[in-house]
Amino acid sequence: MTDFTYANTPLEMEVYGYDRVVKSHCRGCHGGCGVLVYVKDGRVEKVAGDPDCPINHGTMCSKGLAAPQIAYHPDRLTHPVRRVGPKASGKWERITWDEALDAIAERILAYKEEHGAESVVMGYGTGRENEAAIYRFANYLGSPNVLTAGHFCYGPRIATTVITCGSNPIADYDNNPACIMVWGNNVTISNPDCYKGEPFSQALNAGAKLIVVDPRLTRPAARADIWLQLRPGTDTALALGILNVIVEEDLYDHDFVANHVHGWEEFKARVAEYPLARTAEITWVPEEKIAAAARLFATTKPGVVQWGVAIEQQVTCADNNRALLALMGITGNIDVPGGQMLFRQPPVRNVSEFGAHKALPPEQAAKRLGGDHFRLAGNFGIINPKYVWDAVLTEEPYPVKMLFFISSNPLMTRANAREVHDALEKVEFMAVADFFITPTAELADIVLPAATWLEMDYIGDFWKRHGWILPRRKVIQVGECRSDHEMLNDLAHRVGQGEHWWDDFEQGLDWILEPSGITFQDFLKTDRMRGDTTYRKYQERGFSTPTRKFELYSTKLEEWGYDPLPQFREGPMSPVSRPDLAEGFPYILITGARQPGFFHSENRQVPVLRELHPDPEVEVHPETAAREGIADGDWVVIESPRGAIRQRAKLSEGLDPRVVSAQHAWWFPEKRDPGHGWDESNVNVLIDNDYSNCDPAMGATSIRTLLCRIRPETDADRERLTGVQP
Amino acid sequence: MTRYDLGIDEDLCWGCKTCEVACKGENGAPYGIKLIAVGEDRPALPDGSTSFVFRLSRCRHCDVPDCLEACNFDAIEQRRDGIVVLDQAMCGGCEACVTACPYRAITFDRKKRVAMKCNLCHHRIDQGLLPACADNVCPAHCIRLVGASASS
């Protein structure tokens, strides 16, 4: 470790009497920030940003600062437990790790023997940097079914970028983009995977122009040079309309288009279907604003598109991504300084190799649930969750007998929560590894205590595409908690795949680093490593696609039977496609706007974070609220054809009066009954997960655009929704 | 003599509330009590539309503090470096300061019956450290200690 350059670490140590400080790498979200962990008498007392870290430059977010409160939380599960009562009875007994892993191993082997490895479904949520280890386990087991959020979160970015240009282009904030187009994203309070709010802020402060596309007036939207307030779910149309202006007005990069793209003529014909008038009609965005945004972005170089998950959680998921990739491409911003970089990792074994995807026998891969339906997803090892619930509930196309969720709370975070609940209640055996006994874990047979990032050694950001890797250093041990990687390494030996794993997981980290010629112990002596940052690599090598070109026209999508060019499709639950339904459910409901302090369903039991948002809130325009008789702060009932939930109204002029915006993943750890109020305010109760409500290529469930009505809550509503009598 | 205050550029604030949590970690205010609080403001624009900014509520360490005047227990003093310090041990719980503060920056702990406010982490400043919220935690770099002699 080098000395700390400008945090006054020695003085902090002296004043507070800390015993030591450890440089590590936070994973309060997907990871990313370099941190200093201050320790006194063996306990973590404080987490601060590492000023030397090139990713966050010493700054932090609320989640990272609260890490000690999560690690030492009184409700934390600190030893394995086995359920002794019926599901959701809250009755557990303490067992040893050996008992827990032996019981899980026994079930895995028995189900594999009787029903095939595909009957065992592994799962993770947004991921705690354990994704590759989980895939490794499933692939060597022979199960093609790993249930993740990948159908509608980050997986689409990987799948669409790989088929278009070989890898995920990352905004190169360090080299000062001159124009930033933020599309359906609030990078300053969320974590869109490879990005952090700090470098984005710095680029803006350095003078970058800002265009924001968002149905909500976020703070970035308020600060933008141009804000495009689109109708939810019309992103592909807006992007194609912008592309059409750029093509029509000859603002594209001629050299890039002439030499490096595939399918220009077909692409030109497609975008010509989106003249300004039609685009404005579809998207609600005025023509002049669309044209102005197109001109500003195309003429202000270098430019980046800051994208995220919102555009992926729609029925046009893949086409949204592909249209924005086209925007990055034809403006000449791919792989240029301050543009959209195809960064390279340091020479290590990558997540694909560590995930052992080649170990899955082709005959097992062919059994992937929904693999021949959602073929873009299937080719990237990703499945749609409903296929799993259906296989549990109907045993078609084959029975799923076991679920093993590692850092996942699907009851709170997957569409059609009541169907998820039915499946989790019915499944024959379920294991969960997590920090707390969540509403999902309450339905498990065995729950394993997972380690937080303070309690593990790891190669941080190993899975990302920004080119950095950073050491995560184990600082403390809490109870019997174990990292997911160590747990899987142990379990692997118990199910007969030990030869593909290691005596100790640190040897696995050595194996990842081996191509660099160093061990994990060597890596710990460094602050970080970065891969080669050569620009415009495609000029010599082309892109890593079938045509070696940037595929505006995707040969892979064509091969898999899809439209090779992006095309707007109206979602199945919109006022345009279902005017009949919109009579009773007149508002467009959008969901999932991020809240500082929470990471999806996590952290609601942490007082300093819960205090930031004590109650679930739904944003409503004051005109709409007045029409419905709702005052600011009222508890209201939000209803879709699928059900009803309660949240508190927050009046906001920042949305169109026809749109309301509800928060996601709310449960109430303070409710001590085993349900923890999972269905009271859970927006996924309202959301349809039917296959028709999913992207046909990626299987992304549309959770960002549905129809609802909203009204003040009555006493009877409260009793019905909370079970508490008024 | 250096006079200290927090310099906050609200135009840069993204509303991430990291400062709130950093303050909690240092000063341990109970649940519901914030010594620095990020709030939303939606000012009307000349064209009839509405903007959106974050405002930070915190003690301004006024040159002539109304709270000090109002206090019935001599619990509030102004240091020579400008920091207005509320000593909870001396607070009698009359809430006169809460009413007197023109910025509504003083909160009241109903359990302990004492007033609480930002004392500008004077215990850190006196040791040569920056206040918790201004110690390079903010991803927007919008909070700094004004008047600090040692740059950090």
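Along each chain, residues carry numbers from 1 onward, in the same order as the chain's sequence is written. As they are written, the chains are lettered A onward and the ligands numbered 1 onward, keeping that order. Only residues with pLDDT of at least 70 are given local features in this predicted model, and only at 80 or more are side-chain atom pairs given and counted; all residues enter the totals for whole chains, interfaces and linings.

Engineer: Break down the overall build of chain B for me, citing the residues and quoting the values.
Structural biologist: Helix and strand counts for chain B come out as four helices and eight strands. Helix and strand definitions follow DSSP, with helices as H or I runs of at least four residues and strands as E runs of at least two, each counted in order from the N terminus. Ordered by position from the N terminus, the helices and strands of chain B form the series β-α-β-β-α-β-β-α-β-β-α-β. As defined in this context, the radius of gyration uses C-alpha atoms, and a globule is described by 2.2 Å times the residue total to the power 0.38. The C-alpha atoms of chain B give 16 Å as radius of gyration, which agrees with the globular expectation for 152 residues (15 Å, within 12%). Across its three principal axes, chain B shows a C-alpha extent of roughly 50 × 35 × 30 Å. Two residues qualify as being in contact provided that their C-beta atoms, derived from the backbone, are within 7 Å of each other. Within chain B, contacts between residues separated by at least 24 positions form 55% of all contacts whose residues are at least 6 apart in sequence.

Engineer: I'd like to hear about the overall build of chain A, residue by residue, with values.
Structural biologist: Each helix and strand in chain A was counted, giving 29 helices and 27 strands. The C-alpha radius of gyration of chain A comes to 25 Å, within 12% of the 27 Å expected for a compact globule of 726 residues. Overall, the C-alpha framework of chain A stretches about 70 × 65 × 60 Å when taken along its three principal axes. Buried, partly exposed and exposed are defined by the number of other C-beta atoms within 10 Å of a residue's own C-beta, namely 20 or more, between the two limits, and 12 or fewer respectively, with C-beta atoms placed from the backbone. Across the 726 residues of chain A, 62% fall into the buried class. The contacts in chain A between residues at least 6 apart in sequence include a share of 73% that link residues at least 24 apart.

Engineer: Describe the confidence of the model for chain B, listing the residues and the values that go with them.
Structural biologist: For every residue, the pLDDT score states the predictor's confidence, bounded by 0 at the bottom and 100 at the top. With 96% of its residues at a pLDDT of at least 70, chain B reaches an overall mean of 93. Scoring the predicted complex yields pTM 0.97 and, for the interface, ipTM 0.95.

Engineer: Quick rundown of the interface of chain A and chain B? Include the residues and the values.
Structural biologist: Chain A puts 31 residues into the contact, and the matching count from chain B is 28 residues. Looking at the side of chain A that touches chain B, the elements that each hand over two or more residues are α1 (9-16), β3 (43-49), α2 (62-65), α7 (197-205), α8 (219-223) and α27 (607-610) of chain A. Residue polarity is assigned by list, with Asp, Glu, Lys and Arg as charged and Ala, Val, Leu, Ile, Met, Phe, Trp, Tyr, Cys and Pro as nonpolar; anything else, Gly included, falls into the polar class. The class makeup of the residues in the side of chain A that touches chain B is 15 nonpolar, 10 polar and six charged.

Engineer: I'd like to hear about the domain arrangement of chain A, residue by residue, with values.
Structural biologist: All names here are of chain A. Start and end positions for the domains come from either an automated domain assignment or a database one. Domain assignment breaks chain A into domain 1 (81-154 + 349-450 + 480-497), domain 2 (166-344 + 550-559) and domain 3 (579-722). Computed over C-alpha atoms only, the centres of domain 1 and domain 2 are separated by 36 Å. In this complex, domain 1 contributes four residues to the contact, which on the side of domain 2 involves seven residues. Its residues assigned to classes, the side of domain 1 that touches domain 2 comprises four nonpolar, no polar and no charged.

Engineer: Mind laying out the confidence of the model for chain A, listing which residues take part and the relevant values?
Structural biologist: Per-residue confidence for chain A gives a mean pLDDT of 96, with 99% of residues at or over 70. Below a pLDDT of 50 lies the segment residues 1-5 of chain A, which in the model reaches nine contacts outside its immediate sequence neighbourhood of four places, other chains included.

Engineer: How would you sum up the nonpolar core? Please name residues and give values.
Structural biologist: To form a nonpolar core, buried Ala, Val, Leu, Ile, Met, Phe, Trp, Tyr and Cys residues must be joined through C-beta atoms within 7 Å. Core analysis: the largest hydrophobic core is formed by 287 residues, its most contacted members being Ile134(A), Ile242(A), Leu243(A), Leu327(A), Val388(A), Leu589(A) and Ile638(A). Look past the residues within four positions of Leu243(A) in its chain and what remains in contact with it is Val271(A), Ala323(A), Ala326(A) and Leu327(A).

Engineer: Let's hear about the environment of Ala105(B): which residues, and what values?
Structural biologist: All names here are of chain B. Position of Ala 105 relative to the elements: it lies in the loop between α3 (96-100) and β6 (107-109). A residue is classified by how many C-beta atoms lie within 10 Å of it, and Ala 105, with 22 of them, is buried. Along the chain, Ala 105 and Asn 136 lie 31 residues apart, while their C-alpha atoms are 23 Å from each other. The residues touching Ala 105, leaving out its near neighbours within four places in the chain, are Ser 57, Arg 58, Cys 59, Arg 60 and Lys 117.

Engineer: Lay out helix α12 (residues 276-283) of chain A with the relevant residues and their values.
Structural biologist: Residues and elements named next belong to chain A. Among the residues making up α12, those that are buried are Leu 276, Thr 279, Ile 282 and Thr 283. The arc that holds the buried residues of α12, viewed along the axis, is 135 degrees, so those residues lie on one side. Where α12 is buried, its residues meet α9 (235-248) and α13 (287-299). Immediately downstream of α12, the backbone of Trp 284 shows phi near 70 degrees, a positive value. By construction, the arc corresponds to the directions joining the helix axis to the C-beta atoms.

Engineer: Report on unusual backbone geometry, specifying residues and quantitative values.
Structural biologist: Residue and element names in this part refer to chain A. In this structure, Pro 302 follows Lys 301 across a cis peptide bond, with omega equal to -5 degrees. The phi angle at Tyr 154 is positive, at roughly 70 degrees, despite the residue not being glycine. Inspection of the secondary structure assignment puts Tyr 154 in the loop between β7 (146-147) and α6 (155-165).

Engineer: Before we move on, can you summarise α9(A) with the specific residues and values?
Structural biologist: Residue and element names in this part refer to chain A. Given the number of residues in a helix, its expected span is that number minus one, multiplied by 1.5 Å. With 14 residues, α9 extends 20 Å between its outermost C-alpha atoms, agreeing within 8% with the 20 Å of an ideal straight helix rising 1.5 Å per residue. Most of α9 sits out of view: 13 of its 14 residues are buried. Of the residues trailing α9, Asp 250 is marked for its positive phi of about 60 degrees.

Engineer: Requested: an account of the sheet that holds strand β10 (residues 209-213) of chain A, with residues and values cited.
Structural biologist: Residue and element names in this part refer to chain A. Pairing between two strands requires that DSSP report at least two bridges joining them. Spatially, β11-β10-β9-β13 is the arrangement adopted by the four strands of the open sheet, whose pairing is parallel. The outermost strands of the open sheet, each flanked by one partner alone, are β11 (226-228) and β13 (303-306). Taking the axes of each pair of neighbouring strands and ignoring which way they run, one obtains an average angle of 15 degrees across the sheet. All axes here are fitted lines through C-alpha atoms, helices being fitted over the stretch that makes contact, and every angle between N-to-C directions spans 0 to 180 degrees.

Engineer: Describe the sheet that holds β3(A), listing the residues and the values that go with them.
Structural biologist: Residues and elements named next belong to chain A. Overall, antiparallel pairing links the three strands, which are arranged β1-β2-β3 in an open sheet. A strand with exactly one partner marks an edge of an open sheet, and here the two such strands are β1 (20-25) and β3. Between one strand and the next, the sheet's axes are offset by a mean angle of 30 degrees, whatever the strand orientation. Sheet analysis places strand β2 (residues 34-40) next to β3, joined by six bridges and oriented antiparallel.

Engineer: I'd like a rundown of the packing of α9(A) against helix α14 (residues 317-330) of chain A, residues and numbers included.
Structural biologist: All names here are of chain A. For the pair α9 and α14, the least separation of the axes is 8 Å and the interaxial angle reads 20 degrees. One finds that α9 runs roughly parallel with respect to α14. For α9 against α14, the interelement crossing comes out left-handed. In this structure, α9 uses Asp 235, Thr 236, Ala 239, Leu 240, Ile 242, Leu 243 and Ile 246 to contact α14, whose residues at the interface are Asp 319, Asn 320, Ala 323, Leu 324, Ala 326, Leu 327 and Ile 330. Of the residues that constitute the contact of α9 with α14, the class distribution is 10 nonpolar, two polar and two charged. We call two directions roughly parallel when the angle between them is under 35 degrees, roughly antiparallel when it is over 145, roughly perpendicular when it lies between 65 and 115, and oblique otherwise. Handedness of a crossing is defined here by the sense of rotation of the near helix relative to the far one, left-handed for an anticlockwise turn of less than a right angle and right-handed for a clockwise turn.

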